Amino acid sequence: MSLHVAPGTLVVFADIGCPWAHLAVYRLHTVRAALGLGERVRFDIRAFPLELINEMSTPKLILEAETPVVGALEPEAGWQLWQRPDHTYPVSTLLAMEAVEAAKEQGLAASETLDRALRVALFGQSRTVTMRHEILAVARECGVDDEELKRALVRGSARAAVEEQLAVSLSDAVQGSPHVFAPGGLDAHNPGVERHWLGEMGTGFPVVDRDEPGPVYEALLKRAASRRCRCVPVAVFRSLCSRRCVPVAVAPRRPPRQEAHSGTMIMPKSSARCTTSCS
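Scoring rules and cut-offs
- Residues numbered from 1 in each chain as written.
- Predicted model: local features only at pLDDT ≥ 70, side-chain atom pairs only at ≥ 80, totals over all residues.
- Heavy atoms only, no water.
- Core = buried A, V, L, I, M, F, W, Y, C linked by side-chain atoms within 4.5 Å.
- Buried < 20%, exposed > 50% of the residue type's maximum accessible area, 1.4 Å probe, protein only.
- Contact = heavy atoms within 4.5 Å.
- Pairing = 2+ DSSP bridges.
- Helix = DSSP H or I, 4+ residues; strand = E, 2+ residues; numbered from the N terminus.
- Axes fitted to C-alpha atoms, helices over the stretch in contact; angles between N-to-C directions.
- Salt bridge = Lys/Arg side-chain N within 4 Å of Asp/Glu carboxyl O.

Core analysis: the largest hydrophobic core is formed by 59 residues, its most contacted members being Leu10, Val41, Leu114, Leu118, Leu149 and Leu220. Setting aside chain neighbours within four positions, we find Leu10 in contact with Val5, Leu28, Val41, Arg42, Phe43, Asp44, Val180, Phe181, Ala182, Leu220, Leu221 and Ala224.

Spatially, the four strands line up as an open sheet ordered S2-S1-S3-S4, and their pairing is mixed. With partners counted over all chains shown, the strands left at the sheet margins are strand S2 (42–47) and strand S4 (187–189), one partner each. Direction aside, neighbouring strands of the sheet carry axes that sit 15° apart on average. Relative to S2, strand S1 (residues 9–14) runs parallel, the two being bridged by six bridges.

Here the focus is the pattern of salt bridges. If charged atoms from side chains of opposite charge come close, those side chains can pair. Evaluated as defined, the whole model comprises 19 salt bridges. A salt bridge links Arg32 to Glu112, with the nearest nitrogen and oxygen atoms 2.6 Å apart. Residue Arg32 is found in helix H1 (residues 19–34), and its partner Glu112 is found in helix H5 (residues 108–125); the two are separated by 80 residues along the sequence. According to the relative accessible area criterion, Glu112 is buried, its value standing at 3%. Asp44 is paired through a salt bridge with Lys104; the nearest N and O atoms lie 2.5 Å apart. Placement of the pair is Asp44 in strand S2 and Lys104 in the loop between helix H4 (94–102) and H5, with a sequence separation of 60 residues. The pair formed by Asp44 and Lys104 is uniform in burial state, with each residue classed as buried. Here the salt bridges do not stand alone but share partners, grouping Asp44, Arg46, Glu101 and Lys104 into one network.

Spelled out as structure tokens, the structure:
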């Protein structure tokens, strides 16, 4: 399956509860600003809903192991370990991803703004983005019309779009969260990062082997801004990208599809289950 990406756009498949996606989205925003492309490139954020793919919430222990490691790569993105009572921890980000999709009725600029704000709310402010009132509060604070967003959520059309994005997420086109697609066939999963997991999931932690984001993000953004899609040849771009698979210790009934969120295994659609984290 190939994805069509319109000129002036980067399509980003990501889960809001994925720290690697929080890192990637922050870098997309900061590199776009540094290149002066804020008015020429928009981000079309699409759901890679781990809780639907894995049929479980992402274990908090895994996220707590990942967050300090990923956060050290870009401390300014907004990070802290969960600071509120455990019973308020958001075990689902599905409604938040639905809200990002619903905000597209106000334009891609509103949608990408809400997406970034919800990630900061979760990872940097310990807010329960499972709850609709919290999502609407975040929307209001970041300048998105929360009343219009609420009406869109009540209509429910964005949920169908998220289900369609789930189908694409389960295809071979998308490798995990985050996966960024530019016009003309350029794409990168977890751009610029190579990592592996040390120890068992839930007791160990991720180790970053390489982090060289600059060339990859610049190439993606310049390709999106170009009308002719000739900024970087695909073969050259591939050499910049990290696509290393990092398996999780699971005993599957079939060979798994690897690289979901943080090296998570995604089981084949017919047997479907995994312990999880992102990228």
